[in-house]
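Residue strings, one per chain:
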Amino acid sequence: MNPHYYLMKNKKILRLEDEVSFASIPQNMREHVFDADEIIPLDQDQANWRVAIFRDEIMDQEEYLEWLQSNAIEEADRDLIAN
């Protein structure tokens, strides 16, 4: 099985296992997709390229949900605005 990846806001990439669809994840996670009008899954090479070039961070579903629930998202938003 091949995982699939989705570009999210705040330099994050959501990694989902093959059997999990983007539509099945919680709404609070889907709200943070980078472009809600064009949700395109990335393959592993594309996700790794983004990590290498843009220093994005790949997170699995549980890890991303924990990050959303922490104050890390507020800090990331402040960093993006400051830079």
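Residues numbered from 1 in each chain as written. Predicted model: local features only at pLDDT ≥ 70, side-chain atom pairs only at ≥ 80, totals over all residues. Heavy atoms only, no water.

**Student:** An account of the overall build of the chain is requested, with residue identities and associated values reported.
**Tutor:** When helices and strands are tallied, the chain shows 4 helices and 3 strands. Starting at the N terminus and ending at the C terminus, the chain contains elements arranged as β-β-α-α-β-α-α. Each of the 83 residues in the chain was classed as buried or not, and the buried ones make up 29%. For the chain, the proportion of contacts with a sequence separation of at least 24, taken over those separated by at least 6, is 58%. Of the roughly 5700 Å² of accessible surface on the chain, a fraction of 47% belongs to carbon and sulfur atoms. (Helix = DSSP H or I, 4+ residues; strand = E, 2+ residues; numbered from the N terminus. Buried < 20%, exposed > 50% of the residue type's maximum accessible area, 1.4 Å probe, protein only. Contact = heavy atoms within 4.5 Å. Areas by Shrake-Rupley, 256 points an atom, 1.4 Å probe, with all protein chains shown as cover.)

**Student:** Kindly report on the packing of aromatic side chains, identifying the contributing residues and their values.
**Tutor:** In total, this model carries 3 aromatic pairs according to the counting rule given. Here the aromatic rings of Tyr 64 and Trp 67 are separated by 5.6 Å at their centres, their planes lie at 35 degrees, and the arrangement is tilted. Taken together, the residues span about one helical turn, with Tyr 64 and Trp 67 both in helix α3 (residues 61–69) at a distance of 3 residues. Each of the two residues, Tyr 64 as well as Trp 67, counts as buried. (Phe/Tyr/Trp six-rings, centres within 6.5 Å; stacked < 30°, edge-to-face > 60°.)

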